[in-house]
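Structure assessment
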Amino acid sequence: MLNGEKVVFSGAQATGNLTIGNYLGAIRNWVELANDYQCFFCVVDEHSITVRQDPATLRRRSRELLTLYIAAGLDPEKSCLYFQSHVPAHAELAWILNCFTYMGELQRMTQFKDKSAKHEDNINAGLFTYPVLMAADILLYQADLVPVGQDQKQHLELCRDIAQRFNAVYGDVFTVPEGYYPKTGARIMSLQDPLHKMSKSDENPNASIYLTDDTDTIMRKFRRAVTDSEGVIRYCEEQPGIRNLIDIYSVLNGKTPQEVEAEFAGRGYGDFKTAVGESVAAVLGPIQKEQKRLLDDRAYVDGIIRDNAQKAAWYAEKTLRKVQKKVGFPERVR
Ligand code: TYM
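The structure contained in this document is the topic of the report that follows.

What to know about the site of the ligand
Near the ligand there are 26 residues, and of these Y130, D137, G149, D151 and I188 occur at the shortest range. In the model, a nitrogen atom of the ligand is placed 2.8 Å from a nitrogen or oxygen of the I188 main chain. The separation between an oxygen atom of the ligand and a polar side-chain atom of K200 is 2.9 Å. The protein chains hide 97% of the 710 Å² of surface that the ligand would expose on its own. Listing elements by their share of the shell around the ligand, those giving two or more residues are β1 (7-12), α1 (20-33) and α7 (125-140). Per-class residue counts for the shell around the ligand are twelve nonpolar, ten polar and four charged.

Following this line, the structure appears as C-alpha cells:
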C-alpha cells in the first residue's frame, strides 16, 4: 500500500523491437490498472545488458520505450514511468537479495537455460542472477500486483519465494506480490510457428508484429500467418495458428473467443486474417503517431524522466533503508 492505494509494478526491456505480444500481454493491461492503483512502470535497462548491446542503440530504444508507455495511454503525472538505471536502489537491493537466493533456484529458471543456449559465448553472472534483480525491482516498491505475460511467471514465483524467505527471518519487510495475467493475450504466439511465443528476438521478422510496423506491413504479415488446412475458425488446441489469431482479435475487440468464432462462422481464413490485421493496425497507428510527437518534444520528455526518477527513488530508498537496517548495516551518520 502507498498512500492508501494498492501498488502495481511492472517493466519491459528496450532490447529488440517490441511486439504486439509485449503490448497485449503487458502494456495494455498496465493502462487499465493505472486508474485504480499507484503504479510504477520501469524501462529495465539494467536487465538489458545481460546480453551484449550496442550502447547508442540501447540508449535510443530506452527513450523510445518510455515514450511508448505514454503514447499507449499511461499518464506520467499519475503513473511513475522511469529508467531502472536512474534509481540506484534497484542494484543495491539486488545485491542483498542475491544473498537470500539459492544457486539451485536460479539454475532451474527456463529463461536462463534458453538464453544461455542462445548466447553460449557470454553466459555471464548477470544473466544468471537476472531474476534477483527483477525481484528487487518489484519488492522495492512493496508491489501488491505485477501485471506480466505468462513467460514471466516463473520469475515472479521466485520473487515471492525470496520475499517470504526474507520476511521469515526479519519480520514483515516486503509485501508478497501477486502476478496478474490477462485472461486472453498472456501468451501471444509467433505468426510463423504458433507453438512458440512471439518474441522480439525472433530472427524471422514475419513471425512478429512489431509495434513500429506500418499498416501495409501488418496486413502482409497477417496474410502470411501460418494456419492449417481445417478451413474452420475454431478456438481449439488442434488449430494453434487460428487460436492465436482469435486471441489477438478477442483482446482488441473486447470479445470472448467464442464470440469471435460466432462472428466468423462460415467465413474463410483470408477474411479473418484481414479483420485481425485491421484491428491491430487501428490500435497501433495512433500510438505510433503519438510516440513520434513525444520523441520530437525533448524538453517535455526530459522533464518526465527527471521528475519520475526522483519520485521512484524516494519510494525505493524508503524500502532499501529498512532492509539495510534489518540485515545489520551500520546506521548513517548525518
Ligand atoms: P520483456 O521485456 O521480455 O517483456 C515485457 C512484457 O511483455 C510480456 N510478453 C508477452 N506477453 C504475451 N505474449 C508474448 N508473446 C509476450 N512476450 C513478452 C512479458 O511477459 C512482460 O510482461 N524480465 C522482464 C522485465 C522485468 C519485469 C520486472 C517485469 C524486469 N523487472 C519486474 C515485471 C516486474 C522482461 O524481460 O520482460
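Right, picking up where we left off after that structure.
Here we look at α7
Compared with the 22 Å implied by 1.5 Å per residue over 16 residues, the 22 Å span of α7 between its first and last C-alpha is a close match. Its axis deflected by about 40° at P131, α7 carries its strongest bend there. Counting buried residues along α7, 13 of its 16 residues qualify, which places the element largely inside the surrounding structure. Taking the backbone nitrogen of G126 as reference, a side-chain oxygen 3.0 Å away marks N124 as the first, capping residue of α7. Once α7 finishes, Q142 follows within two positions and takes phi at roughly 55°, a positive value.

Here we look at the packing of aromatic side chains
Taken as a whole, this structure holds 15 aromatic pairs when the rule is applied. Centroid distance Y249 to F264: 5.3 Å. Interplanar angle 85°. Geometry classified as edge-to-face. Here F264 lies in the loop between α11 (257-263) and α12 (269-296) and Y249 lies in helix α10 (residues 240-253), a separation of 15 residues in the sequence. Considered together, Y249 and F264 belong to a single accessibility category, that of buried residues. Stacked on the ring of Y235, the Lys or Arg R243 has its end atom at 4.5 Å from the ring centre.

Topic: the packing of helix α9 (residues 215-223) against α12
Between α9 and α12, whose axes approach to 9 Å, the crossing angle comes to 150°. Of the possible angle classes, the one that applies to α9 and α12 is roughly antiparallel. For the pair α9 and α12, the sense of crossing is right-handed. Contacts between α9 and α12 pair T215, I218, M219, F222 and R223 from the former with K273, T274, V276, G277, E278, V280, A281 and L284 from the latter.

As for empty space enclosed by the protein
Going through the model one piece at a time under the given rule, you end up with one cavity of 30 Å³ or more. In this structure, the largest cavity encloses a volume near 50 Å³. The wall of the largest cavity is formed by Q111, F112, K115, L127, Y130, P131 and H155. Looking at the lining of the largest cavity, the elements that each hand over two or more residues are α6 (110-118) and α7. Looking at the lining of the largest cavity, its residues break down into four nonpolar, two polar and one charged.

Overview of the packing of α10 against α12
Remark: α10 packs on α12, axes separated minimally by 10 Å, with the N-to-C direction vectors making an angle of 40°. Between α10 and α12, the interaxial angle falls into the category oblique. Pair α10 / α12 crosses with left-handed handedness. Of the residues in α12, those in contact with I242, L245, I246, I248, Y249, L252 and N253 of α10 are Y269, F272, K273, A275, V276, S279, V280 and V283. Counted by class, the contact of α10 with α12 contains twelve nonpolar, two polar and one charged residues.

Considering the environment of C80
You can see C80 is positioned in strand β3 (residues 80-83). Overall, C80 belongs to the buried group, its relative accessible area being 0%. Residues C80 and C42, spaced 38 residues apart in sequence, show a C-alpha to C-alpha distance of 7.9 Å. Apart from the residues lying within four places of it in its own chain, the contact partners of C80 are C39, F40, F41, N308, K311 and A312.

Topic: the pairing of β1
With five of six residues buried, β1 lies mostly within the body of the structure. Pairing of β1 with strand β2 (residues 38-43), which is carried by six bridges, proceeds in the parallel orientation. Counterpart to V7 in the pairing with β2 is Q38. In this view, the connection linking β1 to its parallel neighbour β2 by way of α1 has right-handed handedness.

What counts and what doesn't
Residues numbered from 1 in each chain as written. Predicted model: local features only at pLDDT ≥ 70, side-chain atom pairs only at ≥ 80, totals over all residues. Heavy atoms only, no water. Near = heavy atom within 4 Å. Polar contact = N/O pair within 3.5 Å; in protein donor to acceptor, adjacent residues only side chain to side chain. Areas by Shrake-Rupley, 256 points an atom, 1.4 Å probe, with all protein chains shown as cover. Helix = DSSP H or I, 4+ residues; strand = E, 2+ residues; numbered from the N terminus. Nonpolar A, V, L, I, M, F, W, Y, C, P; charged D, E, K, R; others polar. Expected span 1.5 Å × (residues − 1). Bend = angle between axes of the 7 residues up to and from the residue. Buried < 20%, exposed > 50% of the residue type's maximum accessible area, 1.4 Å probe, protein only. Phe/Tyr/Trp six-rings, centres within 6.5 Å; stacked < 30°, edge-to-face > 60°. Lys NZ or Arg CZ within 6 Å of the ring centre and 35° of its normal. Axes fitted to C-alpha atoms, helices over the stretch in contact; angles between N-to-C directions. Parallel < 35°, antiparallel > 145°, perpendicular 65-115°, else oblique. Left-handed = near helix turned anticlockwise from the far one by under 90°. Contact = heavy atoms within 4.5 Å. 1 Å grid on protein atoms, 1.4 Å probe; cavity = no way out; pocket = protein on both sides within 12 Å on 5 of 7 lines; lining within 4 Å. Points joined across faces, edges and corners; volume = space filled by probe spheres on them. Pairing = 2+ DSSP bridges. Right-handed = clockwise from strand over helix to strand, strands pointing away.

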